[in-house]
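# Chains, contacts and geometry: an overview
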Amino acid sequence: MSSFKIFEVAGSGMSAQSVRLNTTASNLANADSVSGDPNQVYRAKHPLFEAIRNGLGANSATSGVSVRGIVEDQAPPSARYEPGNPLADANGYVYAPNVNTVEEMVDMISASRSYQNNVEVMNTAKDMMLATLRLGQ
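All values derive from a computational prediction rather than experimental measurement.

### Details of the packing of aromatic side chains
One pass over the full model with this rule turns up two aromatic pairs. Plain terms: the ring middles of Tyr 81 and Tyr 93 are 5.4 Å apart, the flat faces sit at 65° to each other, and that makes the pair edge-to-face. Pair noted here: Tyr 81 is in strand 3 (residues 78–81) and Tyr 93 is in strand 4 (residues 93–96), with a separation of 12 residues, a long-range link. By relative accessible area, Tyr 93 is classed as partly exposed at 34%.

Encoded structure:
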């Protein structure tokens, strides 16, 4: 394994956590939006990660992570009876997204810390490489 491979691995982790932070921010931004149609209401989105492997078979080494896609949460939206709301349907209901703000905040903290850990890995690897170069002085 190349000495510089650590930067690729940590960089892919930072990229994945950045996508995770962006989807969490989108979910939180839309948490209070409502719609008069349960099919049109915002649905929470979550990234789907996949390990990047070098080689074939069970002995292949993991060399990072990639975002396989963004999936929508299939939980039903919550219906609230608000007949005075201009967005209410014929029965007086508005539909709110299936976003759990507490879970989203926990996910945001977790993604932020994972991103910070990958930054620390890169900084430590850089410092070790510089220290190795200084040995020859």
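### Here we look at a nonpolar patch on the surface
Residues Phe 49, Val 67 and Ile 70 make up a contiguous nonpolar surface patch of about 210 Å² in total accessible area. Mapped onto the elements of the fold, Ile 70 is located in strand 2 (residues 61–72).

### Some details on the environment of Val 119
Counting through the fold element by element, Val 119 comes out in helix 2 (residues 101–134). Sequence spacing of Val 119 and Gly 11 is 108 residues, and the spatial spacing of their C-alpha atoms is 8.3 Å.

### Some thoughts on helix 2
In this model helix 2 runs 49 Å from its N-terminal to its C-terminal C-alpha over 34 residues, within 8% of the 50 Å that 1.5 Å per residue would give. Burial in helix 2 covers these residues: Glu 104, Ala 111, Asn 118 and Ala 125. Those residues of helix 2 that are buried are in contact with helix 1 (5–29) and strand 1 (45–54). The distance from a side-chain oxygen at the start of helix 2 to the backbone nitrogen of Val 102 is 3.1 Å, and the residue carrying that oxygen is Asn 100.

Parameters and conventions
Residues numbered from 1 in each chain as written. Predicted model: local features only at pLDDT ≥ 70, side-chain atom pairs only at ≥ 80, totals over all residues. Heavy atoms only, no water. Phe/Tyr/Trp six-rings, centres within 6.5 Å; stacked < 30°, edge-to-face > 60°. Helix = DSSP H or I, 4+ residues; strand = E, 2+ residues; numbered from the N terminus. Buried < 20%, exposed > 50% of the residue type's maximum accessible area, 1.4 Å probe, protein only. Patch = residues over 30% accessible without salt bridge, like charges linked within 9 Å, V, L, I, M, F, W, Y side chains within 5 Å. Areas by Shrake-Rupley, 256 points an atom, 1.4 Å probe, with all protein chains shown as cover. Salt bridge = Lys/Arg side-chain N within 4 Å of Asp/Glu carboxyl O. Expected span 1.5 Å × (residues − 1). Contact = heavy atoms within 4.5 Å. Polar contact = N/O pair within 3.5 Å; in protein donor to acceptor, adjacent residues only side chain to side chain.

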